[in-house]
Amino acid sequence: MKPTQTVSAFLTAFGSRDVETALSVVDDSVRVDIHPTGLREGSTAELRAFLTETVTAFPDLIVTVKNLIETGSVVTAELKVEGTQAAGYLGAINQEKHLDVDQAWRFTVSGDRITGVDAYWCQNQLYRRLAVKRLDQITLV
């Protein structure tokens, strides 16, 4: 399987809110960095927790892949994540706000397994969309 196919399988499952299927292409020794959340050198458990929190908070989750760029064993995915908040998410209480945030995820693939995940987005934009007024003390607008 090509690296883009492995990443596509992960993102398709994530967009379908199927965390276990998404994780089925992730290596047990994966290194996960979700930069906006401060997660560095996380594992499968932290990736599972993040994906689960996302699909729980956004029951109408839509993950739109805009572009996949394969450079050897590295695949960069440009995507949009959107949905309507139905539960607390990354410290923001549920305000039933619609969220749409452009993101870039970089995957390292070995064989047919994802061995590295780096996720990036503007955390300030995410908080604004969820109606968070202050970043030093999460409050609502």
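Everything that follows concerns the structure shown earlier in this document.
So, here's what we can say about the structure. All values derive from a computational prediction rather than experimental measurement. (Residues numbered from 1 in each chain as written. Predicted model: local features only at pLDDT ≥ 70, side-chain atom pairs only at ≥ 80, totals over all residues. Heavy atoms only, no water.)

Focus: the nonpolar core
Now for step 1: Judged by nonpolar contacts, the single largest core of 42 residues is most densely connected at F10, L51, W105, F107, W121 and L126.
Now for step 2: Listed by contribution, the elements that provide at least two residues to this core are α1 (3–15), α2 (19–23), β1 (26–34), α3 (44–57), β4 (74–84), β5 (98–110), β6 (113–121) and α4 (123–129).
Now for step 3: Among residues more than four places away in sequence, those in contact with L126 are Y89, L90, L99, V101 and W121. (Core = buried A, V, L, I, M, F, W, Y, C linked by side-chain atoms within 4.5 Å. Buried < 20%, exposed > 50% of the residue type's maximum accessible area, 1.4 Å probe, protein only. Helix = DSSP H or I, 4+ residues; strand = E, 2+ residues; numbered from the N terminus. Contact = heavy atoms within 4.5 Å.)

Comments concerning the pairing of β4
Along any regular strand, the residues point their side chains to alternate faces of the sheet.
Now for step 1: Taken together, the 9 bridges between strand β3 (residues 62–71) and β4 define a ladder with antiparallel strand orientation. Looking at the pairing, T71 lines up with V74 of β4.
Now for step 2: What sits between the antiparallel neighbours β3 and β4 is a turn of 2 residues, in which G72 has the positive phi angle 65°.
Now for step 3: Sheet analysis places β4 next to β5, joined by 11 bridges and oriented antiparallel. Note that in β5 the partner of K80 across the bridge is D102. (Pairing = 2+ DSSP bridges.)

Describing the packing of aromatic side chains
Now for step 1: With the rule as written, the count across this model stands at 7 aromatic pairs.
Now for step 2: Centroid distance F10 to W105: 6.3 Å. Interplanar angle 50°. Geometry classified as tilted. One end of the pair, F10, is in helix α1; the other, W105, is in strand β5, with 95 residues separating them in the sequence. Assigned by exposure class, F10 and W105 land together as buried.
Now for step 3: Here the aromatic residues F10, F14, F50, W105, F107 and W121 are joined through ring pairs into a cluster of three or more. (Phe/Tyr/Trp six-rings, centres within 6.5 Å; stacked < 30°, edge-to-face > 60°.)

As for unusual backbone geometry
Most peptide bonds take the trans form, and the phi angle of most residues other than glycine is negative.
Now for step 1: Although it is not a glycine, E41 adopts a positive phi angle of roughly 55°.
Now for step 2: Structurally, the position occupied by E41 is in strand β2 (residues 39–42).
Now for step 3: Residue E41 is classed as exposed on the basis of its relative accessible area, which comes to 66%.
Now for step 4: With a phi angle near 50°, L90 is a residue other than glycine that sits in the positive phi range.
Now for step 5: Among the structural elements, L90 can be located in the loop between β4 and β5.

Topic: empty space enclosed by the protein
Now for step 1: This model, assessed by the stated rule, comprises 2 cavities of 30 Å³ or more.
Now for step 2: Space inside the largest cavity adds up to approximately 30 Å³.
Now for step 3: Around the largest cavity sit T54, F58, V81, Y89, L99, V101, Q103 and L126, which together line it.
Now for step 4: With 3 residues, the top contributor of residues to the lining of the largest cavity is β5.
Now for step 5: Of the pockets and cavities examined, the second largest cavity occupies roughly 30 Å³.
Now for step 6: In this structure, the second largest cavity is lined by F14, F50, T54, V81, Y89, Q103 and W105.
Now for step 7: Contributions of two or more residues to the lining of the second largest cavity are made by α3 and β5.
Now for step 8: Among the residues making up the lining of the second largest cavity, the classes are represented as 5 nonpolar, 2 polar and no charged. (1 Å grid on protein atoms, 1.4 Å probe; cavity = no way out; pocket = protein on both sides within 12 Å on 5 of 7 lines; lining within 4 Å. Points joined across faces, edges and corners; volume = space filled by probe spheres on them. Nonpolar A, V, L, I, M, F, W, Y, C, P; charged D, E, K, R; others polar.)

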